[in-house]
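Now for the letters of each chain:
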Amino acid sequence: MTDDIVFPSQAWFDEYKNKVNEDEEYADVSEGWGVDFNGDFIFKMTDMPIDDIDLDALPADLQDELDTYVDGGTGQAFVGLEDGECSEAYLIESDDEVEQGFVLTGTYDNWVELIRGNIGAVDGLMSGKFELDGDMQKVLQYSDAATLLTEDAGKVEAVFAHEEYAK
């Protein structure tokens, strides 16, 4: 259907990593993040609308990713963040396979709204649309960096699987 990057996918996370690393302002405001503590994140999406997606219309690589990385409507990605850089961003099958300092969990719909810029990272936490497992004080201390990470997600030119491949 499309040659665009689809969210969620490994291609989307590859491009997200690039956007974060190209962001000089993010590098400045996140200086020190993850130094002397684990600043890596798992981004966890729950309630993914798998039943609303025409799985047969998905490109083969996206079908494979869905089969491998989504379990019971939940998908996750690891995002390595330290001292102003994103070292890694990739889909994971289980949080047991990585060491992380934080887990940010929200419904798929809330992740879509976050990426579109309709929900801010800190506002999403404070309103309960996202849950954080990790040191909330650290995140609040680096709230400007969290805001820029959200803005960088919105800079990835992508389509959303539930819209592009709707049944």
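Procedures and definitions
Residues numbered from 1 in each chain as written. Predicted model: local features only at pLDDT ≥ 70, side-chain atom pairs only at ≥ 80, totals over all residues. Heavy atoms only, no water. Helix = DSSP H or I, 4+ residues; strand = E, 2+ residues; numbered from the N terminus. Buried < 20%, exposed > 50% of the residue type's maximum accessible area, 1.4 Å probe, protein only. Contact = heavy atoms within 4.5 Å. Pairing = 2+ DSSP bridges. Patch = residues over 30% accessible without salt bridge, like charges linked within 9 Å, V, L, I, M, F, W, Y side chains within 5 Å. Areas by Shrake-Rupley, 256 points an atom, 1.4 Å probe, with all protein chains shown as cover. Salt bridge = Lys/Arg side-chain N within 4 Å of Asp/Glu carboxyl O. Lys, Arg positive; Asp, Glu negative; His and termini not counted. Charge placed at Lys NZ, Arg CZ, Asp CG, Glu CD. Core = buried A, V, L, I, M, F, W, Y, C linked by side-chain atoms within 4.5 Å.

(A) Looking closely at the side chain of threonine 150. In this structure, threonine 150 sits in helix 7 (residues 143-155). Among the residues examined, threonine 150 registers a relative accessible area of 11% and is labelled buried. If near-sequence neighbours (up to four positions away) are discounted, threonine 150 is found in contact with Leu114, Ile119 and Ala121.

(B) Up close: the pairing of strand 5 (residues 85-92). Two elements, strand 4 (residues 74-82) and strand 5, share seven bridges in a ladder whose sense is antiparallel. Bridge assignment links glutamate 82 to a residue of strand 5, and that residue is glutamate 85. In textbook terms, the turn of a hairpin is the stretch between consecutive antiparallel strands, and for strand 4 and strand 5 this stretch comprises two residues, one of which, aspartate 83, has a positive phi near 50 degrees.

(C) View of a negative patch on the surface. A contiguous patch of negative charge on the surface is contributed by Glu24, Glu25, Asp28, Glu31, Asp36, Glu82, Asp83, Glu85, Asp144 and Glu151. Among the elements of the structure, helix 2 (24-29) and helix 7 are those that each provide at least two residues to the negative patch. Broken down by element, the residue count for the negative patch peaks at three residues, all from helix 2.

(D) Highlighting the pairing of strand 7 (residues 130-133). Side chains Phe130 and Leu132 project from strand 7 onto a buried face, and the interleaved Glu131 and Asp133 project onto a face without burial. Relative to strand 7, strand 6 (residues 102-107) is paired through four bridges, and the arrangement is antiparallel. In the strand pairing of strand 7, threonine 105 is matched with glutamate 131.

(E) Focus on the environment of glutamate 157. With respect to the helices and strands, glutamate 157 occurs in the loop between helix 7 and strand 8 (158-160). In the structure, glutamate 157 is positioned 114 residues away from phenylalanine 43 in sequence and 19 Å away in space, judged by C-alpha atoms.

(F) View of unusual backbone geometry. Cis peptide bonds are those with omega within 30 degrees of zero, and the linkage from phenylalanine 7 to proline 8 qualifies with -5 degrees. The backbone phi angle of aspartate 36 is positive, close to 70 degrees, even though this residue is not glycine. Judged by its relative accessible area of 81%, aspartate 36 is exposed. Of note in the backbone geometry, aspartate 83 takes a positive phi value of approximately 50 degrees without being a glycine.

(G) Just the nonpolar core, in detail. Residues Tyr16, Phe41 and Val79 are the most contacted members of the largest nonpolar core, which totals 46 residues. The element contributing the most residues to this core is helix 4 (residues 108-115), with five residues. Filtering out sequence-adjacent residues up to four positions away, phenylalanine 41 remains in contact with Trp33, Ala77, Phe78, Val79, Leu81, Gln100, Phe102, Leu104, Leu132 and Val139. Counting five residues, the second-largest nonpolar core is a separate cluster that includes Ile42, Phe78, Ile92 and Val103.

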